[in-house]
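Listed below are the residues making up each chain.
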Number of protein chains: 2
Amino acid sequence: MVRWEPGATDRLRVAALELYVEQGFEQTTVGEIAKSVGLTERTFFRHFADKKEVLFDGQDQLQQAFVDAIAAAPPGPPLSLIATALTEVTGFFPEERRTWSRQRHQVIQANQPLKERELLKLAGLTTAITEALRDRGIKDPAATLAAQTCVTVFSVAFRQWIADGETRSLADVSRDTLAEFKILALETAEP
Amino acid sequence: MVRWEPGATDRLRVAALELYVEQGFEQTTVGEIAKSVGLTERTFFRHFADKKEVLFDGQDQLQQAFVDAIAAAPPGPPLSLIATALTEVTGFFPEERRTWSRQRHQVIQANQPLKERELLKLAGLTTAITEALRDRGIKDPAATLAAQTCVTVFSVAFRQWIADGETRSLADVSRDTLAEFKILALETAEP
């Protein structure tokens, strides 16, 4: 029988990141993470496939949010669908999540296999967004170019949001980054 | 003493890909590759670090070509530096390389670790291009956005170049893809 532990997922997520920051990702065991919040290793594995997944399980929800937002966006050219989606998904990252996201990023950057997992997740996100754009009737190469652009703008904005001293909300950074992107493309509109 | 084998690198590269296509990447051993061109396993490892690297050793030259082209490009906005670089590097992919590139892509797509290696190489390429743009005085986030755009356009164009039935040169596909990209960005210039 699977017992219901209220908030176990969140407690494990917070505890794991704390340990990764304090003593390093490699040095932390699943047993330690579970024990630090009074749970067993077995319970940990009911919530997460492995030690890495604690840092990445939010990505599936994020991907679904992008896909849903593109499906529901008002009609328009590809990049306006992207702009709508970018605004929608920033709701996932309220101010209280910024410190967690910043620490998570530091842990990932310090560990090559985690960096690789992140690259894979971003590649998966790009594929899902490409499909969502095709479902809106956008053909290739526009669908692929727009999806890559979406992930680029999101990644650059997210990096900036978690940078030391940054105070703008992710929605604001995201809008500013998209504006920078348009300037970049416009500056070379004439060959 | 390291002996000089004329063209050994090329012979190993061609032989390896042939075997990967025929019998699968996983099923092919370094010994088989070497033997098929009359060389020893030891000689193989003087040319390539491992079985994967046969498919990726050109990436370092490609990266250097991007970096050099950006350094040497005439002054202009970020995306004009990128456009110059994209044109320069297409010289690496003459018509006679198209079949090899197409088969290489098929082998990579069929194998998860190879797909991951490719993602890592592309991430490294993006970082190198970002640095090259910063050296030209371009600040962030423009440098990162432009570098990501460069790799996006290159990847999309390359995919198209190796698609079945495609007859345009990589230089032409690349120019057309960059034009598509500008249309994409322009269509949403008005918020």
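Residues numbered from 1 in each chain as written. Chains lettered and ligands numbered in written order. Predicted model: local features only at pLDDT ≥ 70, side-chain atom pairs only at ≥ 80, totals over all residues.

> Sorry if this is basic, but what is going on with the environment of A:V153 here?
Residue and element names in this part refer to chain A. Mapping V153 onto the fold places it in helix α8 (residues 142-161). Spatially, the C-alpha atom of V153 lies 26 Å from that of L17, the residues being 136 residues apart in sequence. Residue contacts for V153: discarding those within four places in its chain leaves L86, S174, T177, L178 and F181. (Helix = DSSP H or I, 4+ residues; strand = E, 2+ residues; numbered from the N terminus. Contact = placed C-beta atoms within 7 Å.)

> Is there a simple way to explain the domain arrangement of chain A in this structure?
A common way to report how large an interface is uses the accessible area buried once the components associate. Residue and element names in this part refer to chain A. Domain boundaries assigned for chain A yield domain 1 (8-53) and domain 2 (56-186). With eight residues of domain 1 at the interface, the matching set in domain 2 holds nine residues. In the side of domain 1 that touches domain 2, the residues fall into five nonpolar, no polar and three charged. (Domains from an automatic or database assignment. Nonpolar A, V, L, I, M, F, W, Y, C, P; charged D, E, K, R; others polar.)

> I tried to follow the relation of the copies chain B and chain A on my own but got confused; where do I start?
In this structure, two copies of a chain are linked by a rotation about an axis accompanied by a shift along it. The two copies are related by a screw operation: chain B maps onto chain A through 180° of rotation and 0.0 Å of translation along the axis, at an RMSD of 0.0 Å. Taken together, the rotation angle and the small translation identify this as a two-fold axis. Interface residue correspondence from chain B to chain A reaches 100%, placing this contact among same-surface, isologous pairings. (Least-squares fit on C-alpha atoms with pLDDT ≥ 70 in both.)

> Explain the interface of chain B and chain A to me, please; I cannot follow it from the model alone.
Across the contact, 28 residues belong to chain B and 28 residues belong to chain A. Looking at the side of chain B that touches chain A, the elements that each hand over two or more residues are α5 (78-89), α7 (112-135), α8 (142-161) and α9 (170-186) of chain B. The greatest single-element share of the side of chain B that touches chain A, amounting to eight residues, is contributed by α8(B). For the side of chain B that touches chain A, the residue count by class is 17 nonpolar, seven polar and four charged.

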